[in-house]
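Coordinates in review
Below, each chain spelled out in residue letters.
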Amino acid sequence: MTDYPELRFGAGLADQPERWPVSASETVHETGRVISVRCDTIEPPSGTSFVRDVVVHPGAVGVVALDENNRMLLVRQYRHPVGYKLLEAPAGLLDVQGEQYRLGGERELWEETATKAADWRILVDAFTSPGLTNEAVRIFLARDLSPAPESFERVHEEADMETVWAPLLDVVAAALAGHLQNPILIMGALAAWTALNGPGFETLRPADSPWPAKDN
């Protein structure tokens, strides 16, 4: 076995912020909706510059909403780029200027499922495709659920969305079997299952914890 360095939790097992110099940058495409595409010329420490296209994205939040029986609240939504109706956790863009991340999660849970939650914690933070886009996602755990007093009028893909319950154990099993493919659902369900059967939900980060990927 190759003698590589070993990293441990609290001792180097963490991503490191770093920004290499950019000698040229140009926005080559802008939709006016969600994304734009930027072309950057990067100057690495090796001294040989290279060009990368970056999909600029506002970021997103997702919500693993669990009831008292650890059933997960899911929506089934049509996704045109992949040609599937995917089972997903409630989720959406951080497209409200200045909105706090937890409030974004509360908004998405209400808009997509007409549900509210009293207990909020953070499960995981992730970059969805760091070789291509700066999109960052924060996935919350929401518990102590109750119906919202009013519902949101859905449009476009969300107009035909259905809401279902599924036991968390079954969601994890379906993801490992390849039956579920939405990344926020998979990351959130696996993280929730790990916390539930490991250190416990009480050890998760508070819902208002810093998010360096978006705050810096």
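Look up: the structure comes first, before these words.
These notes cover the structure that comes with them. (Residues numbered from 1 in each chain as written. Predicted model: local features only at pLDDT ≥ 70, side-chain atom pairs only at ≥ 80, totals over all residues. Heavy atoms only, no water.)

1. So, the pairing of strand S1 (residues 22-30)
Where S1 meets strand S2 (residues 36-42), seven bridges bridge the pair, whose relative direction is antiparallel. Paired with Ala24 across the bridge in S2 is Thr41. Taking the residues that link successive antiparallel strands as the turn, the S1-S2 hairpin has five residues, and the phi of Gly32 there is positive, at about 80 degrees. (Pairing = 2+ DSSP bridges. Helix = DSSP H or I, 4+ residues; strand = E, 2+ residues; numbered from the N terminus.)

2. Re the pattern of salt bridges
Tallied over the full model, the rule gives 16 salt bridges. In this structure, the salt-bridge partner of Arg121 is Asp119, at a minimum N-O distance of 3.2 Å. Take Arg121: its relative accessible area is 16%, and that puts it in the buried class. Judged by its relative accessible area of 21%, Asp119 is partly exposed. (Salt bridge = Lys/Arg side-chain N within 4 Å of Asp/Glu carboxyl O. Buried < 20%, exposed > 50% of the residue type's maximum accessible area, 1.4 Å probe, protein only.)

3. Side note on helix H2 (residues 168-176)
Looking only at H2, the buried set comprises Leu168, Val171, Val172, Ala174 and Ala175. Along the long axis of H2, the arc covered by the buried residues comes to 165 degrees, so they all point the same way. One or two residues past the end of H2 sits Gly178, with phi positive at roughly 85 degrees. (Arc of directions from axis to C-beta.)

4. Let's talk about unusual backbone geometry
Within the chain, Asn70 stands out as a residue other than glycine whose phi angle is a positive 60 degrees. Relative to the elements of secondary structure, Asn70 occurs in the loop between strand S4 (60-65) and strand S5 (71-79). Taking relative accessible area as the criterion, Asn70 reaches 25% and is therefore assigned partly exposed. At Ala114, a residue that is not glycine, the phi angle is positive and equals roughly 55 degrees. As for its placement among the helices and strands, Ala114 is situated in the loop between helix H1 (101-113) and strand S8 (115-127).

5. Remarks on the nonpolar core
If you look at the biggest cluster of nonpolar residues, it comprises 26 residues, and the most contacted ones within it are Val64, Met72, Leu123 and Val171. Of all the elements in the fold, those that place two or more residues in this core are S4, S5, strand S9 (136-147), H2 and helix H3 (183-196). Among the elements that take part in this core, H3 stands out by supplying six residues, more than any other. Grouped together as the second largest cluster of nonpolar side chains are 15 residues, Val63, Trp120, Phe140 and Trp211 included. (Core = buried A, V, L, I, M, F, W, Y, C linked by side-chain atoms within 4.5 Å.)

Keep in mind these numbers describe shape, not what the thing actually does.
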